[in-house]
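Structural overview for review
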Amino acid sequence: VLFRSNQGMVLDAFKKSVADRKETMRQPAEVVRADEEGLLHVLLSDIEGRVALVTELEKIEILQRIAMRRIFQAVLAVHAGGLPLTYDAVNSRLEDADQNLLAATLLSPDADKHDFTLEYGMQCVDSLRRSDDLRQRQEMKTRIKEAERTGNLAEALRLAGELQKSERRPGRSG
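So, here is what we can say about the structure in this document. (Residues numbered from 1 in each chain as written. Predicted model: local features only at pLDDT ≥ 70, side-chain atom pairs only at ≥ 80, totals over all residues. Heavy atoms only, no water.)

**Details of the packing of aromatic side chains**
All chains considered together, the criterion is met by one aromatic pair. Note on Phe116 and Tyr120: the rings are 5.7 Å apart at their centroids and 65° apart in plane angle, and the pair reads as edge-to-face. With respect to burial, Phe116 and Tyr120 carry one shared label: buried. (Phe/Tyr/Trp six-rings, centres within 6.5 Å; stacked < 30°, edge-to-face > 60°. Buried < 20%, exposed > 50% of the residue type's maximum accessible area, 1.4 Å probe, protein only.)

**A few points about the environment of Glu162**
Take Glu162: it is sitting in helix 8 (residues 153-168). What makes Glu162 partly exposed here is its relative accessible area of 31%. As a C-alpha pair, Glu162 and Met140 span 22 residues in sequence and 8.4 Å in three-dimensional space. (Helix = DSSP H or I, 4+ residues; strand = E, 2+ residues; numbered from the N terminus.)

**Examining the pattern of salt bridges**
Counting across every chain of the model gives twelve salt bridges. Notably, a salt bridge pairs Asp132 with Arg135, separated by 2.8 Å at the nearest N-O pair. With Asp132 and Arg135 both in helix 7 (residues 118-149) and three residues apart, the pair spans about one turn of that helix. The exposure classification of Asp132 matches that of Arg135, with both residues buried. The shortest N-O distance in the salt bridge between Glu146 and Arg149 comes to 2.7 Å. Residue Glu146 and its partner Arg149 are both found in helix 7; the two are separated by three residues, about one turn of the helix. (Salt bridge = Lys/Arg side-chain N within 4 Å of Asp/Glu carboxyl O.)

**So, the environment of Thr55**
With respect to the secondary-structure elements, Thr55 resides in helix 3 (residues 51-57). Along the chain, Thr55 and Leu76 lie 21 residues apart, while their C-alpha atoms are 8.5 Å from each other. There is a polar contact of 2.7 Å between the side chain of Thr55 and the backbone oxygen of Ala52. (Polar contact = N/O pair within 3.5 Å; in protein donor to acceptor, adjacent residues only side chain to side chain.)

**Let's talk about the nonpolar core**
In terms of nonpolar packing, the biggest core is built from 30 residues, with Leu39, Leu40, Leu43, Phe72, Leu85 and Val90 touching the most fellow members. Only helix 2 (34-43), helix 3, helix 4 (69-80), helix 5 (87-91) and helix 7 provide two or more residues apiece to this core. The biggest single contributor to this core is helix 4, with five residues. In this view, Leu40 contacts Met68, Ile71, Phe72, Val75, Leu102, Thr105 and Leu106; residues no more than four positions away in its chain are not counted. Core analysis: the second largest hydrophobic core is formed by six residues, Ile144, Ala156, Leu159 and Leu163 among them. (Core = buried A, V, L, I, M, F, W, Y, C linked by side-chain atoms within 4.5 Å. Contact = heavy atoms within 4.5 Å.)

And the structure:
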């Protein structure tokens, strides 16, 4: 009888502990890619021609899925507003967590290891573009498998044709 009453108290304490722990648990930090960091350094530097990188950014869908997505959205917004692309202009459009990420990225000790040039910025954009292409091909393959699984062979063949065309396009890695 004593064990049953203690068992209930232990169970209640355990449930409370789990509930308390859930409140204090944080989402794991997203991994920031090297190409994101490098591109950000180039964009917020005073390198001549860096604005051309911004127009390339607008074409890359993967920006919506990367750790610095809100920072790059702020970069695009500053550019669209016709304002000079500066740290302050971008930082003022961000919430605290992204402001911290921006500062940590730009002040990172690893930043000294790179020579941030326009060419390096283009390499970062190309890396993001390749990742975008790879993601799109993976999504297409998933859609093909789903169409095959559901017996929609006409759709599977159509998608396979699209996939084949996209893999043959110049500039696409495959």
